[in-house]
Amino acid sequence: MSANPWELELTAGASAPLSVGLTQAPPADVSVTLEPADSTIATVAPTSFVLGSDNWSSGMMATVTAIGSGHTTVAIVPGSDSSLATYKAAIDVDD
């Protein structure tokens, strides 16, 4: 999985775009889920999408919004479960 940027620094109420794609063409469609580690500090939308042969390298755009107080650092931490067709990126937030 690739993300651009891998880390965002936001102030409360600010939003920033996040591009998520794959580093190689998948053999089948891949479901991607983006989950904030703490939804009281930051949100992401959309929370899920599908990457396939037509968009794996260009990726999909999501928006990360800081809702906590003060300055928030959002780090994108990719992970995968046991299925090759499902990827999850936990979004760690520090306030």
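Residues numbered from 1 in each chain as written. Predicted model: local features only at pLDDT ≥ 70, side-chain atom pairs only at ≥ 80, totals over all residues. Heavy atoms only, no water.

Turning next to the overall build of the protein. Broken down by element type, the protein carries zero helices and nine strands. In the protein, the order of α-helices and β-strands from amino to carboxyl end is β-β-β-β-β-β-β-β-β. Counting over 95 residues, the protein shows a buried share of 36%. Look at the contacts in the protein between residues 6 or more apart in sequence, and 57% of them connect residues 24 or more apart. About 5,000 Å² of surface is accessible on the protein, with carbon and sulfur atoms providing 52% of the total. (Helix = DSSP H or I, 4+ residues; strand = E, 2+ residues; numbered from the N terminus. Buried < 20%, exposed > 50% of the residue type's maximum accessible area, 1.4 Å probe, protein only. Contact = heavy atoms within 4.5 Å. Areas by Shrake-Rupley, 256 points an atom, 1.4 Å probe, with all protein chains shown as cover.)

Moving on: the environment of Pro17. On the secondary structure map, Pro17 appears in strand E3 (residues 15-21). By relative accessible area, Pro17 is classed as exposed at 52%. Expressed as a C-alpha distance, the spacing of Pro17 and Val44, which sit 27 residues apart in the sequence, is 9.6 Å.

Structurally, Asn55 can be placed in the loop between strand E6 (48-51) and strand E7 (60-66). Residue Asn55 is classed as buried on the basis of its relative accessible area of 11%. Apart from the residues within four sequence positions on either side, Asn55 is in contact with Val50 and Met60.

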